[in-house]
Amino acid sequence: MSLINTEIVDAAYIHIPFCKKICHYCAFNKYFYDGQPVDKYLVGLDTEMSLYQLNKQEKMDTIYVGGGTPSCLNMQELEQLMESINRQFKFDATTEFTFEINPGELSKEKCQLLYDYGVNRISMGVQTFNDQLLRRIGRNHRVRHVYQSIDWLRATGFEALSIDLIFRLPGQTLEDFDDSLTKALELELPHYSLYSLIIEQQTLFQQLMREGKLPLPNEDVDADMFELAINRLSEHQINQYEISNFAMAGYESRHNLKYWQYLPYYGFGAGAHGFINGERYYNHGPVHHYLKQTTANAKPIINQLPLDKADQMEEYIFLALRTNRGFSLQAFETKFNESALALFGTFFESQRKKELLLIEDDTVRLTNRGLFLADTVFRELIGWLKAY
Ligand code: SF4
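Given the structure is predicted, the values throughout are model-derived calculations rather than measurements. (Residues numbered from 1 in each chain as written. Predicted model: local features only at pLDDT ≥ 70, side-chain atom pairs only at ≥ 80, totals over all residues. Heavy atoms only, no water.)

A. Molecular detail of the overall build of the protein chain. When its secondary structure is counted, the protein chain shows 15 helices and 17 strands. For the protein chain, the spread of C-alpha atoms along the three principal axes comes to 60 × 50 × 45 Å. Out of the 388 residues in the protein chain, the part that is buried amounts to 53%. About 17800 Å² of surface is accessible on the protein chain, with carbon and sulfur atoms providing 49% of the total. Placing the 38 positive and 51 negative side-chain charges of the protein chain at their respective mean positions leaves the two points 4 Å apart. (Helix = DSSP H or I, 4+ residues; strand = E, 2+ residues; numbered from the N terminus. Buried < 20%, exposed > 50% of the residue type's maximum accessible area, 1.4 Å probe, protein only. Areas by Shrake-Rupley, 256 points an atom, 1.4 Å probe, with all protein chains shown as cover. Lys, Arg positive; Asp, Glu negative; His and termini not counted. Charge placed at Lys NZ, Arg CZ, Asp CG, Glu CD.)

Below, the structure written as structure tokens:
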């Protein structure tokens with residue numbers, strides 16, 4: 001299978017599927033680091049990227065290395081990965097180059113190496129500032145590692161720092177989450193991501209829930225936590241620019257905005273997916289399947305999903321409404337040669353009456369209340385599409 005690019009693709013996601021410890025709630029494509037062929041995997045990644053001839057195209061606007069846990073690589077492996085990225089991509093200081101880290105796995109040396117190879121944005125999986133809860137959800141780090149990592153990163157020169165927090169953790173109270181928010185805000189970071197815990201299939205938490213051993217806060221507390229977060233962040237001029245993402249002006253994740261703006265991107269690595277020419281493609285998930293392909297100099301794609309126009313228009317609306325920018329009616333018409341109002345007008349009107357959605361001149365977007373209740377809006381959109 002080969003994907004021939006006929007459009008400019010200036011965003012790339014690179015997946016490192018290894019973790020030193022598996023968290024109890026995690027359903028990502030990840031494998032226990034020890035015993036994995038990490039070296040070979042990095043060679044495979046290099047081969048995969050080379051097959052797309054990225055050097056022949058314009059410079060990348062965004063590069064995002066995620067996982068798994070990219071920071072679990074040792075210095076030598078990290079250098080191998082960074083050499084590979086620097087060799088395969090054209091990019092410069094204006095490129096947003098994000099690297100995900102786990103607090104317990106950083107060192108001054110790793111910070112310096114990432115910085116020297118052009119990384120300029122760090123996303124850190126903090127989850128909570130409560131050591132007891134960190135232990136309970138199976139995280140590898142403790143709160144002291146967060147502070148140490150932030151100190152090292154800042155001393156190295158990183159400024160665009162983001163942390164993830166999860167709420168509705170087992171046994172978590174509103175007061176506890178408020179305390180985590182206070183500590184998160186005290187760090188004065190320009191970007192925060194906040195997620196309500198989701199119980200995924202085939203995780204330890206799913207099993208515990210089935211056995212009645214997972215005391216999750218109820219839906220009301222969950223909603224209170226989310227509302228508290230939105231209010232506390234906005235008091236600090238950190239605005240909700242997407243349902244789960246909050247930033248000071250100018251610090252929004254350009255890479256993630258591309259997903260929501262329905263722009264194309266490459267996905268490299270085991271289990272990664274990309275979106276090129278209106279087609280989603282999916283790589284093999286298991287590392288040995290992935291390596292079998294790359295060793296044979298073949299793209300490790302297991303599935304390609306061409307989307308018809310109706311699918312694309314629906315995805316476009318779903319993704320765009322996640323952000324506070326929404327979308328432009330004119331841009332929709334230019335892209336699809338269809339009027340969004342003619343197609344989705346009755347749905348928009350139903351949400352507008354509930355004050356969940358706004359149509360202002362050329363822009364359609366969710367209100368603040370709509371972003372808060374986005375799950376409800378999207379459930380109703382699915383129902384409306386089925387009946388349409
Ligand atoms: S570190 Fe991240 S990817 Fe790894 S198990 Fe935990 S949540 Fe999953």
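Here the narrative resumes.
B. Spatial organisation of the packing of helix α3 (residues 108-116) against helix α5 (residues 143-156). Look at α3 against α5: their axes get within 9 Å of each other, and the N-to-C directions meet at 40°. On the basis of their axis angle, the class for α3 and α5 is oblique. Crossing hand, α3 versus α5: right-handed. On the side of α3, the interface is formed by Lys108, Cys111, Gln112 and Tyr115, while α5 contributes Trp152, Leu153 and Thr156. Residues that form the contact of α3 with α5 fall into these classes: 4 nonpolar, 2 polar and 1 charged. (Axes fitted to C-alpha atoms, helices over the stretch in contact; angles between N-to-C directions. Parallel < 35°, antiparallel > 145°, perpendicular 65-115°, else oblique. Left-handed = near helix turned anticlockwise from the far one by under 90°. Contact = heavy atoms within 4.5 Å. Nonpolar A, V, L, I, M, F, W, Y, C, P; charged D, E, K, R; others polar.)

C. Local environment of the sheet that holds strand β13 (residues 279-283). Within the open sheet, the 3 strands sit side by side as β12-β13-β14. Their pairing is antiparallel. Each end of this open sheet is capped by a strand with a single partner; those strands are β12 (273-276) and β14 (301-306). Averaged over neighbouring strand pairs, the angle between their axes works out to 20° when direction is ignored. By the bridge criterion, 4 bridges tie β12 to β13 in an arrangement that is antiparallel. Paired with Phe275 across the two strands is Arg280, which belongs to β13. (Pairing = 2+ DSSP bridges.)

D. Region of the structure containing the site of the ligand. Taken together, Cys19, Lys21, Ile22, Cys23, Tyr25, Cys26, Phe28, Gly68, Thr69, Asn102 and Arg139 make up the full set of residues adjacent to the ligand. Residues belonging to the shell around the ligand are distributed by class as follows: 6 nonpolar, 3 polar and 2 charged. (Near = heavy atom within 4 Å.)

E. Inspection of the sheet that holds strand β15 (residues 327-328) at higher detail. Taken together, the 3 strands give an open sheet; going across it, the order is β15-β17-β16, and neighbouring strands pair in antiparallel fashion. A strand with exactly one partner marks an edge of an open sheet, and here the two such strands are β15 and β16 (357-360).

F. Geometry of the domain arrangement of the protein chain. Along its sequence, the protein chain is organised into domain 1 (11-260) and domain 2 (326-387). The C-alpha centroid of domain 2 is placed 30 Å from the C-alpha centroid of domain 1. Taken residue by residue, the interface counts 6 residues in domain 1 and 4 residues in domain 2. Taken together, domain 1 and domain 2 are joined by 0 residue pairs in polar contact (both at pLDDT 80 or more). If one sorts the elements of the side of domain 1 that touches domain 2 by residue count, helix α8 (residues 219-235) sits on top with 4 residues. Among the residues forming the side of domain 1 that touches domain 2, the class breakdown is 4 nonpolar, 1 polar and 1 charged. (Domains from an automatic or database assignment. Polar contact = N/O pair within 3.5 Å; in protein donor to acceptor, adjacent residues only side chain to side chain.)

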